[in-house]
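The lines below spell out each chain.
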Amino acid sequence: MPRKSSPGTGDPIVTLTNKRMLAFKGSAQPSPTLGDALNAGYGYLEVRCLGCDANQTVALDIVRRPKATPVHELERYMPCKDCSQVRGYPYKRSHLVALRATNITANNPPSTWWPGER
């Protein structure tokens, strides 16, 4: 099993893609594969719902897709649970925000889109 590095010190392509996702407010295409992101130390993908404006994280190691799947292709498979319950059907209006090393918690708030949100 490959050793996980700290985010930003692994694959430079993954780090640049992450910065591009934050700068341009959305998924960066082409994007690294799931395996590349995990090996670079990014274990989570942050997703923002356009319906309720909530940020959620998805663990990349439990995604049921091949490790050769590009990260930007996951966007269409990410329905918002809250919006789907209100509407009664899977509501898939989400944007990929960034790759993260940690889950969203009180100590690790959601990412802000660069150059900053107000």
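Provided above is the structure to which this section pertains.
Calculation notes
Residues numbered from 1 in each chain as written. Predicted model: local features only at pLDDT ≥ 70, side-chain atom pairs only at ≥ 80, totals over all residues. Heavy atoms only, no water. Salt bridge = Lys/Arg side-chain N within 4 Å of Asp/Glu carboxyl O. Helix = DSSP H or I, 4+ residues; strand = E, 2+ residues; numbered from the N terminus. Buried < 20%, exposed > 50% of the residue type's maximum accessible area, 1.4 Å probe, protein only. Pairing = 2+ DSSP bridges. Axes fitted to C-alpha atoms, helices over the stretch in contact; angles between N-to-C directions. Contact = heavy atoms within 4.5 Å. Core = buried A, V, L, I, M, F, W, Y, C linked by side-chain atoms within 4.5 Å. Phe/Tyr/Trp six-rings, centres within 6.5 Å; stacked < 30°, edge-to-face > 60°. Lys NZ or Arg CZ within 6 Å of the ring centre and 35° of its normal. Expected span 1.5 Å × (residues − 1).

## Some remarks on the pattern of salt bridges
Two side chains with opposite charge may pair up if their charged atoms get near one another.
Step number 1: Scanning the entire structure with this criterion turns up 2 salt bridges.
Step number 2: Note that Glu 46 and Arg 100 form a salt bridge whose closest N and O atoms lie 3.2 Å from each other. One end of the pair, Glu 46, is in strand S1 (residues 44-49); the other, Arg 100, is in strand S3 (residues 94-100), and 54 residues separate them in sequence. Across the pair, exposure class does not vary: Glu 46 and Arg 100 are buried alike.
Step number 3: A salt bridge links Arg 48 to Asp 53; its shortest N-O distance comes to 3.9 Å.
Step number 4: For Arg 48, a relative accessible area of 9% puts it in the buried group.

## Looking at the sheet that holds S3
In a beta sheet, neighbouring strands pair by backbone hydrogen bonds and run either parallel or antiparallel.
Step number 1: The strand order S2-S1-S3 describes an open sheet built from 3 strands, whose pairing is antiparallel. One side of each edge strand has no neighbouring strand; the edge strands of this open sheet are strand S2 (55-59) and S3. Within the sheet, the average angular offset between the axes of one strand and its neighbour, ignoring direction, is 30°.
Step number 2: Bridge count between S1 and S3: 6 bridges; the pairing is antiparallel. Bridge pairing links Tyr 44 to Arg 100 in S3.
Step number 3: Each of S1 and S3 touches helix H1 (residues 12-23); the most contacted strand, S3, lies at about 140° to it.

## Here's the deal with the nonpolar core
Step number 1: In terms of nonpolar packing, the biggest core is built from 16 residues, with Leu 34, Leu 45, Leu 60, Val 71, Leu 74, Leu 96 and Leu 99 touching the most fellow members.
Step number 2: The set of elements that each furnish at least two residues to this core consists of H1, helix H2 (34-39), S1 and S3.
Step number 3: The element best represented in this core is H2, accounting for 3 residues.

## Side note on the packing of aromatic side chains
Step number 1: Taken as a whole and assessed by the stated rule, the structure comprises 0 aromatic pairs.
Step number 2: Against the face of Tyr 77 rests Arg 65, its NZ or CZ located 4.0 Å from the ring centre.

## Digging into H1
Step number 1: Here H1 is 12 residues long and its end C-alpha atoms lie 16 Å apart, about the 16 Å a rise of 1.5 Å per residue gives.
Step number 2: Residues of H1 that are buried sit in contact with H2, S1 and S3.
Step number 3: Looking at the residues trailing H1, positive phi occurs at Lys 25, about 55°.

## Focus on unusual backbone geometry
Step number 1: The phi dihedral of Asp 53 falls on the positive side, at around 60°, and the residue is not glycine.
Step number 2: Within the secondary structure, Asp 53 sits in the loop between S1 and S2.

## Quick notes on the pairing of S2
Step number 1: The alternating pattern of S2 places Asn 55, Thr 57 and Ala 59 on a buried face and Gln 56 and Val 58 on a face that is not buried.
Step number 2: Where S1 and S2 come together, 5 bridges link them in antiparallel fashion. Paired with Glu 46 across the bridge in S2 is Thr 57.
Step number 3: Between S1 and S2, which pair antiparallel one after the other, the connecting turn spans 5 residues, and Asp 53 there sits at a positive phi close to 60°.

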